[in-house]
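Architecture and fold: a report
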Amino acid sequence: MDVERRPSDAGDVAGRDWGFRALLFAACLALYLLGSSQQSVFDRDEARFSLAAKEMSERGDWLLPSNFGEPRYNKPILSYWLALASTRVLGMNESALRLPSALCGALAVLFTMVVAQRMGGRRVARIAGVVLATALYVVIEARSFTADASLLAATTLSFLAWQRLRAGPEHRHRWQLLLWTSIGLGLLAKVVNVAFVGAVACALVMLESPPATRIRNLVLAAVVAGAVATAVPGLGAVGPGILAIVATAFVAASLRRPDGRAAWRRFGAHWGVPLALAMLLAWGIPAALATHGGFASEGLGHHLLGRTVTPYEGHSGWPGYYLVATVIAFFPWGALLPAALANAWRHRGESDTAYLLAWVLGPLVVAELTVSKLPHYMLVTFPALAILAATLVESRILRVRAWTRFERTLEATLFGIVCVCVAAIGGYLGERFVGAPAHAAALVLATVSLGVGIVVAFSWLHGRPETQVPIAAVGAAALWLSAFVGLLPALEQERLSPRLGAVVAGIIEPGEQLVLCKVGESSIGFYLPRTPDLMGDPDAVARKLRTSTGDALVVVPDDDRHLLARIQSGDAARWETVGVVEGLILPSLSVRRIQLARRHGADDVPTT
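For clarity, every value in this text was computed on a predicted model and none was experimentally measured. (Residues numbered from 1 in each chain as written. Predicted model: local features only at pLDDT ≥ 70, side-chain atom pairs only at ≥ 80, totals over all residues. Heavy atoms only, no water.)

Within the protein, the secondary structure is distributed over 26 helices and seven strands. A compact globule built from 608 residues would reach a C-alpha radius of gyration of about 25 Å, and the protein, at 26 Å, matches this within 12%. Dimensions of the protein, computed from C-alpha atoms along their principal axes, come out at roughly 90 × 55 × 45 Å. In the protein, which comprises 608 residues, the proportion classed as buried is 54%. Of the contacts formed within the protein by residues at least 6 apart in sequence, a portion of 77% connects residues at least 24 apart. Surface summary for the protein: the accessible area is close to 25,400 Å², and the carbon and sulfur share equals 65%. (Helix = DSSP H or I, 4+ residues; strand = E, 2+ residues; numbered from the N terminus. Rg over C-alpha atoms; globule rule 2.2 N^0.38 Å. Buried < 20%, exposed > 50% of the residue type's maximum accessible area, 1.4 Å probe, protein only. Contact = heavy atoms within 4.5 Å. Areas by Shrake-Rupley, 256 points an atom, 1.4 Å probe, with all protein chains shown as cover.)

Moving on, we come to the pairing of strand β3 (residues 513-517). Taking burial as the measure, the five residues of β3 include four buried ones, the bulk of the element. Bridging between β3 and strand β5 (residues 552-557) involves four bridges; their strand directions are parallel. Residue pairing across strands places L514 opposite L553, the latter belonging to β5. Direction of pairing for β3 relative to strand β4 (residues 534-536): parallel, over a ladder of three bridges. Residue pairing for β4: C517 is matched across the bridge by G536. In this fold, β3 hands off to helix α24 (residues 522-527), which returns the chain to β4; that crossover is right-handed. (Pairing = 2+ DSSP bridges. Right-handed = clockwise from strand over helix to strand, strands pointing away.)

Relative to the helices and strands, D17 resides in the loop between α1 (9-14) and α2 (18-33). Residues D17 and A125, 108 residues apart in the sequence, show an inter-C-alpha distance of 9.4 Å. What D17 contacts, discounting residues up to four positions off in sequence, is Q117, R122 and R126. A distance of 2.9 Å separates the side chain of D17 from the side chain of R126, its partner in a polar contact. (Polar contact = N/O pair within 3.5 Å; in protein donor to acceptor, adjacent residues only side chain to side chain.)

A separate point is a nonpolar patch on the surface. A surface patch of nonpolar side chains, amounting to about 700 Å² of accessible area, comprises V251, L255, W264, V273, L277, L281, I285 and L289. When contributions to the nonpolar patch are tallied by element, the ones reaching two or more residues are α12 (238-256) and α14 (269-290). At five residues, α14 tops the list of elements feeding residues into the nonpolar patch. One can find L289 in helix α14. (Patch = residues over 30% accessible without salt bridge, like charges linked within 9 Å, V, L, I, M, F, W, Y side chains within 5 Å. Salt bridge = Lys/Arg side-chain N within 4 Å of Asp/Glu carboxyl O.)

Glancing now at the packing of aromatic side chains. One pass over the full model with this rule turns up 17 aromatic pairs. With centroids separated by 4.5 Å and ring planes inclined at 40°, the aromatic side chains of F159 and W359 adopt a geometry described as tilted. Here the residue F159 occupies a position in helix α8 (residues 148-166), and W359 occupies one in helix α18 (residues 351-368), the gap between them amounting to 200 residues. Of the two residues, F159 and W359, both sit in the buried class. Measuring from centroid to centroid gives 4.9 Å for Y321 and Y322, while their planes differ by 85°, and the two rings are edge-to-face. Taking NZ or CZ as reference, R21 lies 5.2 Å from the ring centre of W18, over its face. Sitting over the ring of F49, R72 keeps its end group 4.6 Å from the ring centre. (Phe/Tyr/Trp six-rings, centres within 6.5 Å; stacked < 30°, edge-to-face > 60°. Lys NZ or Arg CZ within 6 Å of the ring centre and 35° of its normal.)

This part is about the pattern of salt bridges. For the coordinates displayed, the defined rule picks out 18 salt bridges. Residue E407 pairs with R396 through a salt bridge whose shortest N-O separation is 2.9 Å. Of the two residues, E407 is situated in helix α20 (residues 405-432) and R396 in helix α19 (residues 382-397); the sequence distance between them amounts to eleven residues. In this structure E407 comes out as buried when scored by relative accessible area, which is 10%. Its relative accessible area of 1% is what places R396 among the buried residues.

Of all hydrophobic cores here, the largest spans 146 residues; its most connected members are Y32, W162, F330, W333, F382, W460 and W480. Sequence-distant contacts of W333, defined by excluding residues within four places in its chain, comprise V130, V131, T134, A135, V469, A472 and A473. Listed in part, the 17 residues of the second largest apolar core include L51, V504, L514 and L553. (Core = buried A, V, L, I, M, F, W, Y, C linked by side-chain atoms within 4.5 Å.)

In this structure, A247 sits in helix α12. Distance in space between the C-alpha atoms of A247 and C202 is 7.2 Å, their sequence separation being 45 residues.

Turning to unusual backbone geometry, a few remarks are in order. Cis geometry marks the peptide bond from D43 to R44, where omega comes out at 10°. Tracing the backbone shows R44 in the loop between α2 and α3 (45-59). One non-glycine residue with positive phi stands out, namely F68, at about 55°. Positive phi values are uncommon outside glycine, yet H171 reaches one of about 55°. Secondary-structure assignment places H171 in the loop between α8 and α9 (172-189).

In this section: the confidence of the model for the protein. Predicted confidence across the protein gives a mean pLDDT of 90, with 96% of residues reaching 70 or more. A low-confidence stretch, residues 4-11 (pLDDT under 50), is modelled with twelve contacts involving residues beyond four sequence positions or located in other chains. (pLDDT = per-residue confidence, 0-100.)

Taking 1.5 Å per residue as the helical rise, helix α6 (residues 122-134) with its 13 residues ought to reach 18 Å, and the 19 Å between its terminal C-alpha atoms agrees with that figure. Residues of α6 that are buried: V124, A125, I127, A128, G129, V130, V131, L132, A133 and T134. In this structure, the buried side of α6 is in contact with α2, α5 (94-120), α7 (136-142), α19 and α22 (468-490). (Expected span 1.5 Å × (residues − 1).)

Attention now moves to the packing of α20 against helix α21 (residues 437-462). Where α20 meets α21, the axes come as close as 8 Å, and the angle between the chain directions of the two elements is 175°. When the axes of α20 and α21 are compared, the pair comes out roughly antiparallel. Among the residues making up the contact of α20 with α21, the classes are represented as 16 nonpolar, eight polar and three charged. (Axes fitted to C-alpha atoms, helices over the stretch in contact; angles between N-to-C directions. Parallel < 35°, antiparallel > 145°, perpendicular 65-115°, else oblique. Nonpolar A, V, L, I, M, F, W, Y, C, P; charged D, E, K, R; others polar.)

See the structure below:
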């Protein structure tokens, strides 16, 4: 790293700093868990994971995730296993489902501190831990039941073990085992970790052993062309194709060279790769057999590879999308990234700095060459970005490099812009929910955001580098608490899914069928008292009910006046309306109305 060593640095690197780490770990859990029990699950992703865990728990099934009884192929099994273990102890509730993500987020912070301390000393590690712990998308994912927090923890652990193996440690086999076990856990979390790890290896070769200028320019041109192609309809396969060619060329070149083969052996790849694959296949093979190949064809084919060539659920972007999105997703520290990355690039000849840059650039290339784009796809780079930002701050504190007026202005401006945007969102929500509890909470968020923006921007413009991180961290924590402990719980009175679930639980009769028609949100499924017996389009539901002699409680949208009439066609005498429930299914702010109707059996026709 470029930071000058102080006399105490050797001790800083070797020491464990357990006190600070324990304090930060506890603070992380508080930040990630406060208010979680007061927030119902969110559509889309968290609700899908939550419904799958609920249905697996009800079946006693630890093999196949499902939504509404149908296999859910989107993600591997690790996050579901963690949630099932948590709910087995704490019960099926929102806090229990989110607890594993909070623990994984806090562990990722600790792993990052270990990497940072060996590179830059104790203060760099502390700053990096605080930066990562309070970064926007780390907070979001650590507060949500999805696969991203477990992927972050697994990949960060992989890069920690990789860093130690690069240093030639004692007990090398232990670190090799940790590396490949963590890669196996990443495969079980989301599979894409292999692409990220491989891309980091390729980027590291480019930085530490630069190829000839002609080859380097050719690779750069191919990457730019692939990134542009992802934004052109019909050319979605170009980026992933280029990625596959470049990766294959790098692997082949490393296997041809004696030093490359030695590196594979040094990292234990000859037995580590089979170990990581075995960890995935120990679940994957039984899951594929149980679904007649569905987890292979749909999970890997459609949901993994398919996203690389087509925009999944409309999530696409422009070339350079992640250069902008990461500044926001890494808030409040995204403001430091221009100076931090420029500083690192100047020192890319140093081994540690090259490693951190590769950790960022490799996944960046993979994400840019993939058609589907979302800000959290760069989450695996956040530990490296946190260390680079901490290194920048440390160099300013030690006066190794000046905190220039241009940097101060740029960082204060970027921070202030995001705060103004958050305040505008709070103001809009305040106007949207006039008279509701969310009104005051939204205005508090807007006020806090403006206040934090002014205080932090002013301190960055005129303060000392020693205060840069503490003030921004406190400001960020105030923002997150205003949003997650203030606003979101206040919005619960407006949420549809828990309200509808409570109404259905109160009126459904024992043995009565539960039927959903055109109501397929996973959050609704999670809060229903049981899995629906029937779902489908109106005509299919009508045909099924006409052949049934029992009672049925039917849940349909109320915004389509003809929908229920189609289901009742030719059988209207057996029906009665039993209620209407309305509310929001976030993130949409449009009110949904859901109608509940009961279709009586042959011996229980309602009287008029």
